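Remarks on the overall topology
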Amino acid sequence: MPDVRASDAEREIVVERLQRAMGNGRLTVAEFDERVAAAYAATTRGQLAELTKDLPGHLW
């Protein structure tokens, strides 16, 4: 359901995943900053999913 509006809690989950990815060396600080800004600006679940689709699932 990518068109469903995202909640604040869902945005925070994505930010936590991005933090783990950066800590794991999979994102640079610049990429992390860009994706975090996009996560907080996201209005739908689909937009949030795009921010982590290239990261391995074992990080969660």
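As the structure is a prediction and not an experimental result, all values here were calculated from the model. (Residues numbered from 1 in each chain as written. Predicted model: local features only at pLDDT ≥ 70, side-chain atom pairs only at ≥ 80, totals over all residues. Heavy atoms only, no water.)

As for the overall build of the chain
- Broken down by element type, the chain carries three helices and zero strands.
- For the chain, the N- to C-terminal ordering of α and β elements is α-α-α.
- The C-alpha atoms of the chain give 11 Å as radius of gyration, which agrees with the globular expectation for 60 residues (10 Å, within 12%).
- Looking at the 60 residues of the chain, the share that counts as buried comes to 32%.
- In the chain, 69% of the contacts between residues at least 6 apart in sequence involve partners at least 24 apart.
- Here the chain has roughly 3900 Å² of accessible surface; of this, 52% comes from carbon and sulfur atoms. (Helix = DSSP H or I, 4+ residues; strand = E, 2+ residues; numbered from the N terminus. Rg over C-alpha atoms; globule rule 2.2 N^0.38 Å. Buried < 20%, exposed > 50% of the residue type's maximum accessible area, 1.4 Å probe, protein only. Contact = heavy atoms within 4.5 Å. Areas by Shrake-Rupley, 256 points an atom, 1.4 Å probe, with all protein chains shown as cover.)

Here's the deal with the nonpolar core
- Counting 13 residues, the largest nonpolar core has Val14, Leu18, Ala39 and Leu48 as its most contacted members.
- Taken together, the elements giving at least two residues each to this core come down to α1 (8–23) and α2 (29–41).
- Counting residues per element, this core draws most heavily on α1, at four residues.
- Sequence-distant contacts of Leu18, that is, excluding residues within four places in its chain, are made with Leu27, Phe32, Arg35, Val36, Leu51, Thr52 and Leu55. (Core = buried A, V, L, I, M, F, W, Y, C linked by side-chain atoms within 4.5 Å.)

Section: the packing of α1 against α2
- Look at α1 against α2: their axes get within 9 Å of each other, and the N-to-C directions meet at 175°. When the interaxial angle is binned, α1 and α2 end up roughly antiparallel. Judged by residue contacts, Arg11, Glu12, Val14, Val15, Leu18, Gln19 and Met22 of α1 engage Val29, Phe32, Arg35, Val36, Ala39 and Tyr40 from α2.
- Of the residues contributing to the contact of α1 with α2, the split by class is nine nonpolar, one polar and three charged. (Axes fitted to C-alpha atoms, helices over the stretch in contact; angles between N-to-C directions. Parallel < 35°, antiparallel > 145°, perpendicular 65-115°, else oblique. Nonpolar A, V, L, I, M, F, W, Y, C, P; charged D, E, K, R; others polar.)

Brief notes about α1
- In this model, α1 (16 residues) spans 23 Å end to end at C-alpha, consistent with the 22 Å of a helix rising 1.5 Å per residue.
- Structurally, α1 contributes buried residues whose contacts are with α2 and α3 (45–50). (Expected span 1.5 Å × (residues − 1).)

Concerning the pattern of salt bridges
- Under the criterion given, the structure shown has five salt bridges.
- Put simply, Asp8 and Arg11 hold a salt bridge, and the shortest N to O gap is 2.9 Å. Taken together, the positions of Asp8 and Arg11, both in helix α1 and three residues apart, correspond to about one turn of that helix.
- Exposure remark for Arg11: the relative accessible area of 12% places this residue in the buried category.
- For Glu10, the salt bridge identified is with Arg45, shortest N-O distance 2.8 Å. Within this pair, whereas Glu10 is found in helix α1, its partner Arg45 is found in helix α3, the two being separated by 35 residues in sequence. (Salt bridge = Lys/Arg side-chain N within 4 Å of Asp/Glu carboxyl O.)

So, to be careful, I would describe these as geometric facts and stop short of saying anything about function.
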